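Listed below are the residues making up each chain.
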Amino acid sequence: MTVLYERRDGAALITMNRPRYRNAQNSAMTYALDDAFTRAVDDPAVAVIVLAGAGDHFSAGHDIGTPERDADVAFPRRAAQWWDHTPRQGVDRRMARELEVYLGMCRRWREIPKPSIAMVQGACVAGGLMLAWVCDLIVAAEDAFFADPVLRMGIPGVEYFAHPWQVGPRFAREMLFTGDRFGARRAYEVGMVNRVVPRDALEAETFALAGRIAAMPPFGLALAKRAVNLCEDQMGMRAGMDAVFGLHHVAHAHNAETGADSLAGMDAAAMKRMDAAAVKRAAR
């Protein structure tokens, strides 16, 4: 199963389960996550949701190269915002899919009424950032690292463009312009992460926090969560995200017109090589 679901006291633990591929998100996983979030919301015994990744890494991002990549497969849609992408062509096809599985689902998960905590270890990159950012709180292990390197593809950030609200405009520019990874301590310093803990204490610390939250009145939690989300949107987050989603697809279309494909030829292997080179430069 690509996603595991477990209930622990008043918490639902949702675990991405593709550790062989560092929990890269194919469509099967994304729709399974949607089912799991819905299951947790509908379960009256669940007060808090914890999102985790199996193995050494939280998530290395969108699946752009595993044998189980399934971008051309249609899945049943719970809240269709556009038509099914599979019979479409060109920008129509790409935009329809990404509006559903990336921007649309992430927004829906952000707006669910129950508090959520991302429990992050190892890589939290690109699409992995999106999953952590939709959660209300982030607890990171000391070995966690974060990055949005998609500018290497000529694309101005991932589809759920929350960067300026999550890390502030100044650091958002740095993380996008360089594509470099940054560690858990830096993420804490810029306000993106709530707590940084030793790797072997990650689960215990996360569930201790979940327990404290679960003791609060559930309707009050839902209202407080909605209040903060509404204030973020008043600060331009939703409108800004819509605008940047358009720029994202301009970049895809430009790549397709001027190069080999919509990702500027940057497959998973090429991205890995560039990341390794960036880490080597940083170590000098």
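A brief report on the enclosed structure follows. (Residues numbered from 1 in each chain as written. Predicted model: local features only at pLDDT ≥ 70, side-chain atom pairs only at ≥ 80, totals over all residues. Heavy atoms only, no water.)

**Here we look at the overall build of the protein**
On a plain count of helices and strands, the protein comes out with 10 helices and 9 strands. Computed over its C-alpha atoms, the radius of gyration of the protein comes to 18 Å, within 12% of the 19 Å expected for a compact globule of 284 residues. Here the C-alpha coordinates of the protein stretch approximately 55 × 50 × 40 Å along the principal axes. When each of the 284 residues of the protein is scored for burial, the buried share is 51%. (Helix = DSSP H or I, 4+ residues; strand = E, 2+ residues; numbered from the N terminus. Rg over C-alpha atoms; globule rule 2.2 N^0.38 Å. Buried < 20%, exposed > 50% of the residue type's maximum accessible area, 1.4 Å probe, protein only.)

**Some remarks on the nonpolar core**
In terms of nonpolar packing, the biggest core is built from 68 residues, with Leu33, Phe58, Val120, Phe146, Tyr160 and Met192 touching the most fellow members. The element that contributes the greatest number of residues to this core is helix H2 (residues 90-110), accounting for 7 residues. Look past the residues within four positions of tyrosine 160 in its chain and what remains in contact with it is Leu103, Cys106, Arg107, Arg110, Met130, Trp133, Val134, Met237 and Met241. With 17 residues, the next largest nonpolar core counts Ala52, Ile117, Ala141 and Ile213 among its residues. (Core = buried A, V, L, I, M, F, W, Y, C linked by side-chain atoms within 4.5 Å. Contact = heavy atoms within 4.5 Å.)

**Examining the packing of aromatic side chains**
Across all of its chains, the model carries 5 aromatic pairs by this definition. Considering the side-chain rings of tyrosine 31 and phenylalanine 75, the 4.9 Å spacing of their centres and the 10° angle between planes classify their relative orientation as stacked. Residue tyrosine 31 is found in helix H1 (residues 27-42), and its partner phenylalanine 75 is found in the loop between strand S3 (48-53) and H2; the two are separated by 44 residues along the sequence. The rings of Phe146, Phe171 and Phe182 are connected pair by pair, giving a single aromatic cluster. One Lys or Arg, arginine 88, reaches over the ring of tryptophan 83 and ends 4.2 Å from the middle of that ring. Positioned over the ring face of tyrosine 188 is arginine 185, at 5.7 Å from the centre of the ring. (Phe/Tyr/Trp six-rings, centres within 6.5 Å; stacked < 30°, edge-to-face > 60°. Lys NZ or Arg CZ within 6 Å of the ring centre and 35° of its normal.)

**A word on the pairing of strand S1 (residues 3-8)**
Pairing geometry for S1 and strand S2 (residues 11-16), over 6 bridges, is antiparallel. By the bridge assignment for S2, arginine 8 is matched with alanine 11. Between S1 and S2, which pair antiparallel in sequence order, lie 2 residues; one of them, aspartate 9, sits at a positive phi of approximately 50°. (Pairing = 2+ DSSP bridges.)

**Describing the sheet that holds strand S7 (residues 145-147)**
Strands pair in a sheet through their backbones, by hydrogen bonds, and they do so in one of two ways: parallel or antiparallel. The 3 strands are arranged S5-S7-S8 in an open sheet whose pairing can be described as mixed. One side of each edge strand has no neighbouring strand; the edge strands of this open sheet are strand S5 (123-125) and strand S8 (182-183). Together, S5 and S7 form the strand contacts of helix H3 (residues 127-134), whose direction differs from that of S5 by roughly 95°. (Axes fitted to C-alpha atoms, helices over the stretch in contact; angles between N-to-C directions.)

**What about the pattern of salt bridges?**
Between side chains of opposite charge, a pair can form when the charged atoms approach closely. For the structure on display, the rule yields 16 salt bridges. The partner of arginine 18 in a salt bridge is aspartate 63, with the nearest N and O atoms 3.1 Å apart. Here arginine 18 is found in the loop between S2 and H1, whereas its partner aspartate 63 is found in the loop between S3 and H2, with 45 residues between them in sequence. When sorted by exposure, arginine 18 lands in the same class as aspartate 63, which is buried. Residues glutamate 232 and arginine 110 are paired through a salt bridge, measuring 3.0 Å at the closest nitrogen-oxygen approach. With a gap of 122 residues between them, glutamate 232 in helix H8 (residues 218-234) and arginine 110 in helix H2 connect regions that are remote in the sequence. (Salt bridge = Lys/Arg side-chain N within 4 Å of Asp/Glu carboxyl O.)

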